[in-house]
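# Residue-level structural notes
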Amino acid sequence: MITFHPETLAKESSKVLFSEIIKAISFFKDIYFIFTSPNADPESDIIIKIIIEFVKKNNNCCFIKSLGKQNYLSIIKYVDAVMGNSSSAITEVPSFKKATINIGDRQKGRMQAKSIINCNYNKKDLIHAINKIYNKKFTNNIKKIKN
């Protein structure tokens, strides 16, 4: 599941940053991606437009505008990981013994469980992070973590 919010303090635009995520996940045709809407910060409309265009062209993904808290937490049980820069990926996802790919600095300074993979906004780092969540040693370690 991908939940990405605008980086309001970043030097680059959300379009540039989010485009790197799109480039990276385009590499993985055998993974199904669920996109959720960003928050209402400036440039969220740009992110939504990119998501809609990407979903139209790719059968291995969908866009769910709003899951609500209960559905969001329920879906976490069934996904391999949560990717993006949302605080819920840092604070809640580790409790489900699931991986988080935390992108950029939006959550910098928060305490983090060992199930969180921090990476930058570039295709190479993102591809590496996605591959890591399917590493047997990493997935076995996640089962033991405490949030």
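Scroll up to find the structure this text is about.
Residues numbered from 1 in each chain as written. Predicted model: local features only at pLDDT ≥ 70, side-chain atom pairs only at ≥ 80, totals over all residues. Heavy atoms only, no water.

## Quick word on helix H5 (residues 123-133)
- Taken residue by residue, H5 has Leu126, Ile127, Ala129, Ile130 and Ile133 as its buried positions. Along the axis of H5, the buried positions cluster into a sector of 160°, meaning they face one direction only. Among the exposed residues of H5, those oriented more than 90 degrees off its buried face are Lys124 and His128.
- Buried residues along H5 sit in contact with helix H1 (14-25), strand S4 (81-84), strand S5 (99-103), strand S6 (116-119) and helix H6 (136-142). (Buried < 20%, exposed > 50% of the residue type's maximum accessible area, 1.4 Å probe, protein only. Helix = DSSP H or I, 4+ residues; strand = E, 2+ residues; numbered from the N terminus. Arc of directions from axis to C-beta. Contact = heavy atoms within 4.5 Å.)

## Thoughts on the side chain of Glu20
- Checked against the element boundaries, Glu20 lands in helix H1.
- A distance of 3.0 Å separates polar atoms of two side chains, one belonging to Glu20 and the other to Lys23.
- If sequence neighbours within four positions are ignored, Glu20 has contacts with Tyr121, Asn122, Lys123 and Leu126. (Polar contact = N/O pair within 3.5 Å; in protein donor to acceptor, adjacent residues only side chain to side chain.)

## What to know about the packing of aromatic side chains
- Under the definition given, this model contains five aromatic pairs.
- Residues Phe18 and Phe35 carry aromatic rings whose centres are separated by 6.3 Å and whose planes lie at 65° to one another, so their mutual orientation is edge-to-face. Within this pair, whereas Phe18 is found in helix H1, its partner Phe35 is found in strand S2 (residues 33-36), the two being separated by 17 residues in sequence. The same class applies to Phe18 and to Phe35, which are both buried. (Phe/Tyr/Trp six-rings, centres within 6.5 Å; stacked < 30°, edge-to-face > 60°.)

Honestly, it's all geometry; don't read function into it.
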